[in-house]
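Observations on the three-dimensional arrangement
Listed below are the residues making up each chain.
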Amino acid sequence: MQILQKKDSLLIKGTEDFNVIQTLNCGQIFRYVIDGDTAVVYSKDKKALLTWTNDTIEITSKDLDYFYHFFDLSRDYSVIKSTLKNDEFLAPAVEYGYGIRILNNDAFEMIVSFIISANNNIKRIKNSIEYLCKKFGEKIDDYHAFPTLSALKKATISDYEDAGLGYRAEQMHDTIQR
């Protein structure tokens, strides 16, 4: 994988170890929108636009260093995959998810998203997170940041119920307060 940095973008060539759709849809994050060969990814208070062709991905953002780390671009996944392919149990998984990268998501955002995801479907998870972002996250340009801990400490159990958390509302409220 070759990465070239431009002013506001990273151009990645040789993407056999990075498939945007596989990576975004594998359940690590829920704040993204895919439309054809483009995707918008949100993390914390940051946003990136990804566009791709068969062998090139371009990441455009005001926060390139953040998304370089977020997508784990310094790690050579071909080395990891070649090792894992030697295990007969792991080889089919490596083949199936050949382009999945392990994301370096914000720990707080990941914990909140994980609680929301319990016994839930992706559409509802995304809607619940988006609701919390709009209600408690800072407005930035055309999107809302993921709420901070101090912002979510102001949320009530009813707020979490309104977000569609159902039986998880009380658990989320208790977790945030602790």
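Everything discussed here concerns the structure shown above.
Calculation notes
Residues numbered from 1 in each chain as written. Predicted model: local features only at pLDDT ≥ 70, side-chain atom pairs only at ≥ 80, totals over all residues. Heavy atoms only, no water. Helix = DSSP H or I, 4+ residues; strand = E, 2+ residues; numbered from the N terminus. Salt bridge = Lys/Arg side-chain N within 4 Å of Asp/Glu carboxyl O. Buried < 20%, exposed > 50% of the residue type's maximum accessible area, 1.4 Å probe, protein only. Pairing = 2+ DSSP bridges. Axes fitted to C-alpha atoms, helices over the stretch in contact; angles between N-to-C directions. Parallel < 35°, antiparallel > 145°, perpendicular 65-115°, else oblique. Left-handed = near helix turned anticlockwise from the far one by under 90°. Contact = heavy atoms within 4.5 Å. Nonpolar A, V, L, I, M, F, W, Y, C, P; charged D, E, K, R; others polar.

What about unusual backbone geometry?
In this model, Lys44 sits at a positive phi of 55 degrees, which is unusual for a non-glycine residue. Looking at where Lys44 falls in the secondary structure, it is placed in the loop between strand S4 (38-43) and strand S5 (46-52). Although it is not a glycine, Asp141 sits at a positive phi angle of roughly 50 degrees.

Focus: the pattern of salt bridges
Enumeration over the complete set of coordinates arrives at nine salt bridges. For Lys81, the salt bridge goes to Asp17, with nearest N and O atoms at 2.5 Å. Taken as a pair, Lys81 in helix H3 (residues 77-84) and Asp17 in the loop between strand S2 (9-13) and helix H1 (20-25) lie far apart in primary sequence, 64 residues in all. As far as burial versus exposure is concerned, Lys81 and Asp17 are alike and both buried. Linking Lys135 and Asp159 is a salt bridge whose minimum nitrogen-to-oxygen distance equals 3.3 Å. Pair noted here: Lys135 is in helix H6 (residues 122-136) and Asp159 is in helix H8 (residues 157-162), with a separation of 24 residues, a long-range link.

Structural notes on the sheet that holds S5
Read across the sheet, six strands follow the order S1-S2-S6-S5-S4-S3 without closing on themselves; strand pairing throughout is antiparallel. Among the strands making up the open sheet, the edge pair consists of strand S1 (2-5) and strand S3 (32-35). Taking the axes of each pair of neighbouring strands and ignoring which way they run, one obtains an average angle of 15 degrees across the sheet. As paired elements, S4 and S5 share six bridges and run antiparallel to each other. Across the sheet, Val40 pairs through a bridge with Leu49, a residue of S5.

Re the pairing of strand S6 (residues 56-60)
Of the pairings in the sheet, the one linking S2 to S6 comprises five bridges and is antiparallel in character. Residue pairing for S6: Ile12 is matched across the bridge by Ile57. In this structure, S5 lies alongside S6, joined through four bridges in antiparallel fashion. Considered in S6, the bridge of Leu50 is made with Ile59. In textbook terms, the turn of a hairpin is the stretch between consecutive antiparallel strands, and for S5 and S6 this stretch comprises three residues.

Considerations on the packing of helix H5 (residues 107-117) against helix H9 (residues 168-177)
Between H5 and H9, whose axes approach to 10 Å, the crossing angle comes to 155 degrees. Here H9 runs roughly antiparallel to H5, going by the angle between their axes. In this structure, H5 crosses over H9, and the sense of that crossing is right-handed. Side by side, H5 and H9 meet where Phe108, Val112, Ile115 and Ile116 of the first sit next to Arg168, Gln171, Met172, Thr175 and Ile176 of the second. Residues belonging to the contact of H5 with H9 are distributed by class as follows: six nonpolar, two polar and one charged.

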